[in-house]
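# Fold and contact review
Listed below, chain by chain, are the residues.
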Amino acid sequence: YWVSRDEVDKLLRAGEGWLKDHPARETISKRYLAHQRRYVSEALSRLIEEDDPNLEQREETQAADEAALERVLNLNEQRLEAVLRHVAAATPSRVVDLGCGEGKLLEKLLKIRTITAIAGMDVSPMQLERAARRLRLDRMPECDRERLTLFQGSLLYRDSRLNGYDVATLVEVIEHLDAPRLAALERVVFDCARPRHVIVTTPNAEYNALFPKMSPGAMRHKDHRFEWNRNHFQDWAEGIAARHGYSVALDAAGDSHPEYGPPTQLAVFTLEEDAA
């Protein structure tokens, strides 16, 4: 039967008190929602938030810890500026920020008037609400409101809403996924959506040795599943490019150390037909 977004609310109401703790909650959600991936993803993310009433406060604390660590370098701003340079070089009309969080990059993209369509996707409805507040969506001029779309979705499931973009950005996103799920992200972004350009940033694990308050082997954010050194990131990027018909150029954000390299690694993927 026809499945709409209302069915997510119905599922959560029917599953109140038991679904969030059920070992088969993902299978139950998929079957009830007729395997509509965007709705399954929303249901599961809302169950996770319900399961952890302190999630918002915990995420804010973790983000603040990471920001404090990098603040001395002004790294977040340098990272966004590096991404924007590559976006501008691609002269896109349509840009999607995957894992947009609270909308810091979207805020900057809106200032590039030649971009006619800007989208932000995140798995967390809570983060999308923050982005809407940050961007003052309710008071945004109509000309900008028509350019901007925010939507909930997961990078683990094919989604037709990701099709047709010139540039996709993933800024500090991949390290939040369990390593086995990177294959799903690769399939969704590079095999299914296939934007002309994909810009990815991630921490350089080698540079962590220069942060005075970090213990050896620690990661910058408690939610990071991994942090790669430069060789690992290069191997991953070149493997994706070879498998999906992209070329890749490596870059960085932040001042590079002669031994440990830059604090942030960056890769720009370009479809080979556009690079030719």
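My aim in this report is to walk through the structure given alongside it, one point at a time. (Residues numbered from 1 in each chain as written. Predicted model: local features only at pLDDT ≥ 70, side-chain atom pairs only at ≥ 80, totals over all residues. Heavy atoms only, no water.)

## A look at the sheet that holds strand β5 (residues 197-203)
- If you trace the seven strands from one edge of the open sheet to the other, you get β3-β2-β1-β4-β5-β7-β6, paired in mixed fashion. The open sheet is flanked by β3 (148-152) and β6 (246-253), the only strands paired with a single partner. Between one strand and the next, the sheet's axes are offset by a mean angle of 15°, whatever the strand orientation.
- Pairing of strand β2 (residues 117-122) with β3 involves five bridges; the strand directions are parallel. Looking at β3, one finds that A119 is bridged to T149.
- Packing against the sheet, helix α7 (residues 125-134) makes contact with β2 and β3, and its axis sits at approximately 160° to β3.
- Running at roughly 150° to β5, helix α9 (residues 182-193) makes contact with β1 (94-98), β4 (167-171), β5, β6 and β7 (264-271) of the sheet. (Pairing = 2+ DSSP bridges. Helix = DSSP H or I, 4+ residues; strand = E, 2+ residues; numbered from the N terminus. Axes fitted to C-alpha atoms, helices over the stretch in contact; angles between N-to-C directions. Contact = heavy atoms within 4.5 Å.)

## Points about the pairing of β1
- Most of β1 is tucked away, with four of its five residues classed as buried.
- Note: β1 against β2, five bridges, orientation parallel. Within β2, the position partnered with V95 by the bridge is I118.
- Handedness of the crossover is the feature at issue here: the chain leaves β1, passes through helix α6 (residues 104-109), returns alongside β2, and the resulting connection is right-handed.
- Taken together, the three bridges between β1 and β4 define a ladder with parallel strand orientation. Paired with V96 across the two strands is A168, which belongs to β4. (Buried < 20%, exposed > 50% of the residue type's maximum accessible area, 1.4 Å probe, protein only. Right-handed = clockwise from strand over helix to strand, strands pointing away.)

## Regarding the pairing of β7
- β7 sits mainly inside the fold: eight of its eight residues count as buried.
- Residues T264, L266, V268 and T270 point to one face of β7 and Q265, A267, F269 and L271 to the other, with burial holding for every one of them.
- As paired elements, β5 and β7 share seven bridges and run antiparallel to each other. When the bridges of β7 are listed, P203 appears paired with T264.
- Of the strand pairs in this sheet, β6 and β7 are connected by eight bridges, and their pairing is antiparallel. Bridge assignment links D251 to a residue of β7, and that residue is L266.

## Thoughts on the side chain of S154
- The residue S154 is located in the loop between β3 and β4 in this model.
- Within the structure, S154 has its side chain in polar contact with the backbone nitrogen of L156 (distance 3.1 Å).
- Apart from the residues within four sequence positions on either side, S154 is in contact with S41, M121 and V123. (Polar contact = N/O pair within 3.5 Å; in protein donor to acceptor, adjacent residues only side chain to side chain.)

## Side note on unusual backbone geometry
- Its identity is not glycine, yet E172 carries a phi of approximately 55°, on the positive side.
- Assignment of secondary structure puts E172 in the loop between β4 and α9.
- Judged by relative accessible area, E172 falls into the buried class, the value being 11%.
- Its identity as a non-glycine residue notwithstanding, R194 has a phi of 50°, on the positive side.
- Within the secondary structure layout, R194 lies in the loop between α9 and β5.

Nothing here speaks to function; it is geometry throughout.
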